[in-house]
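Geometric and topological summary
The lines below spell out each chain.
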There are 2 protein chains.
Amino acid sequence: MTGPQPPDLTAAAIVVGNEILSGKVVDTNAAYLAQELRKLGVALERIVVIPDDVEIIAATVRMYRDAFDVVFTSGGVGPTHDDVTIEGVARGLGRAVVRNEFLVGKMREFFGDALNPARLKMTETPEGAELIFGGQLNFPTMCVENIYILPGIPELFRDKFHAIMHRFARAPFFLRVLYTREMESTLAEFLDQTLAEFPHLQLGSYPKLNDPDYRVRVTLESKDRDYVDRALKHLVGLLSPESVVRTE
Amino acid sequence: MTGPQPPDLTAAAIVVGNEILSGKVVDTNAAYLAQELRKLGVALERIVVIPDDVEIIAATVRMYRDAFDVVFTSGGVGPTHDDVTIEGVARGLGRAVVRNEFLVGKMREFFGDALNPARLKMTETPEGAELIFGGQLNFPTMCVENIYILPGIPELFRDKFHAIMHRFARAPFFLRVLYTREMESTLAEFLDQTLAEFPHLQLGSYPKLNDPDYRVRVTLESKDRDYVDRALKHLVGLLSPESVVRTE
C-alpha cells in the first residue's frame, strides 16, 4: 500500500478519554488530525482511543513510540484527577514528571497567589520535554522524544497543531477519484487489473447505498502525480463508458 | 474507574479502513457503538483504527480477543482487494478462511450465473464462524469466538448491530451531570474530595471554552443509582451555590 515514493513520515494518534469510550463525547480531533496530516503528506497509520488510565497510556506510548515516527496524544492534560496523560507519557518513556519553571511562572502571572495544587499540576511535564511556542493561546505545546502532547478541547487541539504542523510537511499525496454506477462486485476485477499494472497505487473502493448518482467511489492515490493519473486512465479504460459518472 | 458493581462485560472496537486514516472518510461507527454499548451497560474500553492490512488486523484481533470480553470489527468485508478483514480475523485466530455454503446459496439466488470471484469472496468466513440472522438486510452477521464482524457502511453497521445487541444487555450505568461556572482548576479539589468519599464513582470533568452558560460539565456515573445520586449531592454541597448552573 505504499506509493512509488513511499511516505517518509508515519504517525499515530492516541486519544485519551473515558468520555469518548462511554459515548458522552464524540471525538473530532482524530479525524481533524487525519485530514491535516494527509495534506502534509504524512501517513497516519493508527488511531487509538484509550481510557484515562496511567498504565494503559504508558503501555500505548511505549508501543507507539517505537512503531511510528511521530505520535500525537489528545486529551487528559487539564488540572483534574482524570487528567493523567503527562504521567502516563512520562511513565511510558521511563521519565520522571517534573515541574517546568517557565510554566510555573506563567501560572503565577495568571493566578498570582491562588496557585493551588491543581494549577501547579498544569506546570508538570515529562522530564526533558521541549516546550514549543506559537499558536494563539499563549501556552506552549509539549513534546518529548517523538511524542507531541495536545489538549482534548477541539479548539485548543487545532490551535496547537497549527503551531507545530510546519515540522511535519513532506511531499504531498495526489488523489484522484472515480464515481461509477458499476456494482462493486463487478468492479472488483477491474480494480485488481489496475493494481496488477500499478502495484504501488493506493486504491480504495467505497460503495454508497441508495444514491441515485453513483454506486461506488474509487480513490486512487500516490505521491507521484503522473503515476496516479495514468492509473486512473487505465481503470477508466476498463469500464464501460456509461458506468462512469465522473472523475475528479 | 469501576463502579460498586463493576461493569460485567468489556468491549473493544477495531475499525479497519485506510479511508479513515487518510482523512477521506470520517468514521461514525465507533461513536455509534460507544453510545449503544453504554446504553446496554457494556464498558467499551478500546477503539482502534487500523489500515486494510491482513497482518495488522490479525495482530490486533489476537491481542484484543484475549484482553476484552467482546470485540467488534467495522469495515473491510466487501468484494474488493482492500476488503481483507475476514482473512485478517481468520489469521489472528489461527483459522482457515472457508466458503460458507449458506452464503454461497444466497449469492446464487441473487446473482444466478454471474457468480464471479468477487461475489464468492463475500461468502467467505473464518472457519467455524457462526452466522447470526436478524436485521432488515437479509444477510447474516458473522461471529467467530468473541469477534463480531460488522460492515463499514454506517447504515449496514447499525442494522447489523441492532440484530445482535440483545446478546450484550447488562445492568445499566446511571449518569448524573453537573454544570458549573467554577473554573476547572478551582473545582479540582472538590472533585478529589468527592472521589475520596465515593471511590468507586466514575467522575469526569469537561471544560468548555467561551460558553456563557457554564465553564465545566462534570459527569458522575455508576451502576448503582443511589451511589451516584449521593455523590452528586456531596459534590454540590462542596460548591458555592452561585457557581452551580444546574444538575441533570
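Structure's up top.
Brief notes about the relation of the copies chain A and chain B
Relative to chain B, chain A is turned by 180° and slid 0.0 Å along the rotation axis, the superposed coordinates differing by an RMSD of 0.0 Å. Such values leave the two copies arranged in the relation of a two-fold axis. Measuring from the rotation axis to each C-alpha of chain A, the shortest distance belongs to A:Val48, at 2.1 Å.

Overview of the nonpolar core
Of all hydrophobic cores here, the largest spans 101 residues; its most connected members are A:Ile14 and B:Ile14. Discounting chain neighbours no more than four positions away, the residues touching B:Ile14 are B:Val48, B:Ile50, B:Thr60, B:Val61, B:Tyr64, B:Val71 and B:Thr73. Membership of the second largest hydrophobic core comes to 16 residues, among which are A:Ala118, B:Leu191, B:Val218 and B:Leu235.

Points about the pairing of strand E2 (residues 43–50) of chain A
Counting buried residues in E2(A) gives eight out of eight residues, a clear majority hidden from the surface. Relative to E2(A), strand E1 (residues 10–16) of chain A is paired through seven bridges, and the arrangement is parallel. From the neighbouring strand, A:Thr10 faces E2(A), where its bridge partner is A:Ala43. As defined by bridge partners, E2(A) adjoins strand E2 (residues 43–50) of chain B across three bridges and the pair is classed as antiparallel. Across the sheet, A:Ile47 pairs through a bridge with B:Val49, a residue of E2(B).

Quick notes on the sheet that holds strand E12 (residues 244–247) of chain A
Residues and elements named next belong to chain A. Read across the open sheet, the four strands follow the order E10-E11-E9-E12; overall the sheet is antiparallel. Each edge of the open sheet is held by one strand with a lone partner, namely strand E10 (202–207) and E12. On average, adjacent strands in this sheet sit at an angle of 20° to one another, irrespective of strand direction. Relative to strand E11 (residues 216–222), E10 runs antiparallel, the two sharing six bridges. Its bridge partner being in E11, Pro 207 is matched across the sheet by Val 216. Running over the sheet, helix H8 (residues 184–197) touches strand E9 (174–180), E10 and E11 and is turned about 175° from E10.

Let's talk about the interface of chain A and chain B
Contacts between the two partners involve 46 residues from chain A and, on the opposite side, 47 residues from chain B. Elements with a minimum of two residues in the side of chain A that touches chain B: helix H1 (18–21), helix H2 (29–40), E2, helix H6 (117–121), H8 and E10 of chain A. Class assignment for the residues of the side of chain A that touches chain B results in 23 nonpolar, 12 polar and 11 charged.

Quick word on the pairing of strand E7 (residues 141–144) of chain B
Residue and element names in this part refer to chain B. Here E7 shows no split at all, with Thr 141 and Cys 143 on one side and Met 142 and Val 144 on the other all buried. Here strand E6 (residues 130–132) runs beside E7; their pairing, made up of three bridges, is antiparallel. Bridge pairing in E7 links Glu 130 to Cys 143. The pairing of E7 with strand E8 (residues 147–150) spans three bridges and is antiparallel. What sits directly across from Cys 143, in E8, is Tyr 148. Two successive antiparallel strands, E7 and E8, enclose a turn made up of two residues, where Glu 145 displays a positive phi of approximately 50°.

Parameters and conventions
- Residues numbered from 1 in each chain as written.
- Chains lettered and ligands numbered in written order.
- Predicted model: local features only at pLDDT ≥ 70, side-chain atom pairs only at ≥ 80, totals over all residues.
- Least-squares fit on C-alpha atoms with pLDDT ≥ 70 in both.
- Core = buried A, V, L, I, M, F, W, Y, C linked by C-beta atoms within 7 Å.
- Buried ≥ 20, exposed ≤ 12 C-beta atoms within 10 Å, placed from the backbone.
- Contact = placed C-beta atoms within 7 Å.
- Helix = DSSP H or I, 4+ residues; strand = E, 2+ residues; numbered from the N terminus.
- Pairing = 2+ DSSP bridges.
- Axes fitted to C-alpha atoms, helices over the stretch in contact; angles between N-to-C directions.
- Nonpolar A, V, L, I, M, F, W, Y, C, P; charged D, E, K, R; others polar.

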